[in-house]
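Notes for the structure review
Below are the chains, spelled out letter by letter.
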Amino acid sequence: MKVLRSVAEARAFRTASATASIGFVPTMGALHEGHASLIARAVRENDLAVVSIFVNPTQFGPQEDFGAYPRDEPADLAACERLGATMVFAPTVDELYPAGDATRVQPGPIAARLEGAARPGHFVGVATVLTKLFAIVRPDVAYFGQKDFQQLRVVQTVARDLRLAVRIAGCPTVRDPDGLAISSRNRYLSAEHRRSALALSRALRATEEMWSRGERDPAKLREHLKRLAAGPGVGLEYVSVADPLTLDELDRPADRALISLAARVDGTRLIDNVLVGIALEALP
Ligand code: AMP
């Protein structure tokens, strides 16, 4: 497995394997089972699999945890090697944002709601870094987790609008056995706070069951989700029942929905969602 640090080397890697199909998994490192499922799929479905490890400063707000974000490159490289990645691209910040860098990719309304509303500028940073990475790695397919559903939709929209030659594939959320969606930030949680955090996935599951029993009123679904998720130790930021394509809040019964929430547990910001009435693979 190659570990490349410069844009020039990564471009040369692509040029040297021009006829191979490349599956690409962009990450911020601190790799866990969620990332592993994406990397394993990239390995399975392509001639070559490339993983990027880059904690992207432009997607963090000034009050967010960029400096404190967990970093463990030796463990990450060992995981990539074990999973069968061909190349890891781990550039420095200066390499992706050279002196004078000022160009930004501004996604449309898809980025304005939910996480975009809670984290101003976040998706501009995400769209910008991914556009750079796609231009360097030139993958055939890039894999993204459902856990960050809005990110998946933003990237699908940016790839479509900018006419990028990459297919964006969504992969299901990987959960711990107790139901908690795996996240690099879970390592900030004490055992007690982890128990509090379980209310989130349980509330989503219960709301999904309410949907399965036939409830379609978005206000009732939201109310149920909010009541169950707001347990002790959980500071709910939002609950949402939205159109899974546009992410507009539903104001009338629909036949598909993204049910999602964001909350703080002891200062750690957690997000999770379930998709109902449409399969991840069916997203346009
Ligand atoms: P991150 O390193 O947090 O930027 O995540 C890199 C990729 O892994 C993104 O596409 C995430 O959606 C995905 N990912 C993170 N956690 C999970 C999870 N629990 N299950 C599936 N995919 C995940």
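This text goes with the structure placed above it.
Residues numbered from 1 in each chain as written. Predicted model: local features only at pLDDT ≥ 70, side-chain atom pairs only at ≥ 80, totals over all residues. Heavy atoms only, no water.

Not every one of the 17 residues close to the ligand is listed here, only the nearest: Met28, His35, Asp148, Val174 and Ile182. Within the backbone of Gly145, one N or O atom sits 3.0 Å away from an oxygen atom of the ligand. Contact with the protein chains covers 93% of the free accessible surface of the ligand, which is 480 Å². The set of elements that each furnish at least two residues to the shell around the ligand consists of β2 (22–27), α2 (33–45) and β5 (141–145). If you tally residues by element for the shell around the ligand, the top one is α2, at 3 residues. (Near = heavy atom within 4 Å. Polar contact = N/O pair within 3.5 Å; in protein donor to acceptor, adjacent residues only side chain to side chain. Areas by Shrake-Rupley, 256 points an atom, 1.4 Å probe, with all protein chains shown as cover. Helix = DSSP H or I, 4+ residues; strand = E, 2+ residues; numbered from the N terminus.)

A separate point is the pattern of salt bridges. Charged atoms that come close allow side chains of opposite charge to pair. Applying the stated rule across the entire model yields 18 salt bridges. Between Asp272 and Arg175 there is a salt bridge whose closest N-O contact spans 2.9 Å. In this pair, Asp272 sits in strand β9 (residues 268–276) while Arg175 sits in the loop between β6 (167–171) and α8 (191–212), placing the two residues 97 residues apart along the sequence. When its relative accessible area of 5% is taken as the criterion, Asp272 is described as buried. With a relative accessible area of 28%, Arg175 lands in the partly exposed category. Note that Arg222 is salt-bridged to Glu249, the shortest N-O span being 3.1 Å. Placement of the pair is Arg222 in helix α9 (residues 218–229) and Glu249 in the loop between β7 (234–242) and β8 (257–265), with a sequence separation of 27 residues. On the accessibility criterion, Glu249 (38% relative accessible area) is partly exposed. (Salt bridge = Lys/Arg side-chain N within 4 Å of Asp/Glu carboxyl O. Buried < 20%, exposed > 50% of the residue type's maximum accessible area, 1.4 Å probe, protein only.)

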